[in-house]
Amino acid sequence: MTTAKTIFQKIADGEIPAKLIHQDELCVAFHDIAPQAPVHVLIVPRKPVPRIAESAIEDQALLGHLLLTARRLAEQLPCQRGYRLVINNGPEGGESVPHLHVHLLGGRPMHWPPG
Ligand code: AMP
């Protein structure tokens, strides 16, 4: 059985356009289409892990790579005063695209608790 590609898989495969700012063998990063902050970038693994709850022990290095990529990108983007990394998981976690992604948000003060 083949599973339909998610929109993020299509972006990673170059099938639909996105404002890409980074790509390597494990992940791509691009500007969010509906930014919630002056900096809003998504870091997306090429491997179609649906969500963090479905990641596995063999994804350990990949998960670390996503965070270190987010850190590197944050250093290059206008969020020197701070930023937030977010992973939404499941319906009550605010997940809308079932393909794991890390949100990098910055460029304005972040509030706590989050909505
Ligand atoms: P989440 O709600 O955590 O699953 O985040 C999904 C994010 O993907 C949202 O912030 C959307 O604005 C963003 N998004 C959806 N489609 C696209 C797209 N084609 N290009 C860039 N960002 C997108």
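This section reports on the structure supplied with the text. Quick caveat: nothing in here was measured; it's all calculated off a predicted structure.

Evaluated as defined, the whole model comprises six salt bridges. Notably, a salt bridge pairs Asp-13 with Lys-5, separated by 2.6 Å at the nearest N-O pair. Residue Asp-13 is classed as partly exposed on the basis of its relative accessible area, which comes to 38%. When its relative accessible area of 37% is taken as the criterion, Lys-5 is described as partly exposed. Residue Lys-47 pairs with Asp-59 through a salt bridge whose shortest N-O separation is 2.5 Å. Of the two residues, Lys-47 sits in the loop between β3 (39–45) and α2 (60–76) while Asp-59 sits in the loop between β3 and α2, which places them 12 residues apart along the sequence. Through salt bridges that share partners, Lys-5, Asp-13 and Glu-15 make up one connected network.

Attention now moves to the nonpolar core. In this structure, Val-39, Val-41, Ile-43, Leu-66, Leu-73, Leu-77 and Leu-104 are the most contacted members of the largest nonpolar core, which totals 15 residues. Those elements that place two or more of their residues in this core are β2 (27–31), β3, α2 and β5 (102–106). Counting residues per element, this core draws most heavily on α2, which supplies four residues. If we ignore the near neighbours within four places in the chain, the residues touching Leu-73 are Ile-21, His-22, Ala-29, Val-41, Ile-43 and Leu-104. Within the second largest apolar cluster, eight residues are counted, among which are Phe-8, Val-28, Phe-30 and Leu-42.

Glancing now at the side chain of His-99. Here His-99 lies in the loop between β4 (83–86) and β5. Relative accessible area serves as the criterion here: at 0%, His-99 is assigned to the buried category. Once residues within four sequence positions are removed from consideration, His-99 is found in contact with Thr-6, Phe-8, Gln-9, Val-44, Pro-45, Arg-46, Lys-47, Pro-48, Val-49 and Pro-50.

This part takes up the site of the ligand. Around the ligand, a shell composed of 17 residues is seen, among which Asp-32, Asn-88, Gly-94, Ser-96 and His-103 lie nearest. Within the backbone of Ile-33, an N or O atom sits 3.1 Å from a nitrogen atom of the ligand. Here His-103 contributes a side-chain N or O atom positioned 2.8 Å from an oxygen atom of the ligand. Here the ligand, which alone exposes 500 Å², has 84% of that area covered by the protein. Broken down by element, the shell around the ligand gets its largest block of residues, three residues, from helix α1 (residues 7–12). Classifying every residue of the shell around the ligand by side-chain character gives eight nonpolar, seven polar and two charged.

Take the sheet that holds β2 next. What the five strands build is an open sheet, ordered β1-β2-β3-β5-β4; its pairing is antiparallel. Of all the strands in the sheet, just β1 (20–23) and β4 have a single pairing partner and so form its edges. Taken over all neighbouring pairs, the strand axes of this sheet differ in orientation by 15° on average, direction set aside. In this structure, β2 lies alongside β3, joined through five bridges in antiparallel fashion.

Thresholds, definitions, all that
Residues numbered from 1 in each chain as written. Predicted model: local features only at pLDDT ≥ 70, side-chain atom pairs only at ≥ 80, totals over all residues. Heavy atoms only, no water. Salt bridge = Lys/Arg side-chain N within 4 Å of Asp/Glu carboxyl O. Buried < 20%, exposed > 50% of the residue type's maximum accessible area, 1.4 Å probe, protein only. Helix = DSSP H or I, 4+ residues; strand = E, 2+ residues; numbered from the N terminus. Core = buried A, V, L, I, M, F, W, Y, C linked by side-chain atoms within 4.5 Å. Contact = heavy atoms within 4.5 Å. Near = heavy atom within 4 Å. Polar contact = N/O pair within 3.5 Å; in protein donor to acceptor, adjacent residues only side chain to side chain. Areas by Shrake-Rupley, 256 points an atom, 1.4 Å probe, with all protein chains shown as cover. Nonpolar A, V, L, I, M, F, W, Y, C, P; charged D, E, K, R; others polar. Pairing = 2+ DSSP bridges. Axes fitted to C-alpha atoms, helices over the stretch in contact; angles between N-to-C directions.

In short, shape yes, function no, at least from these values alone.
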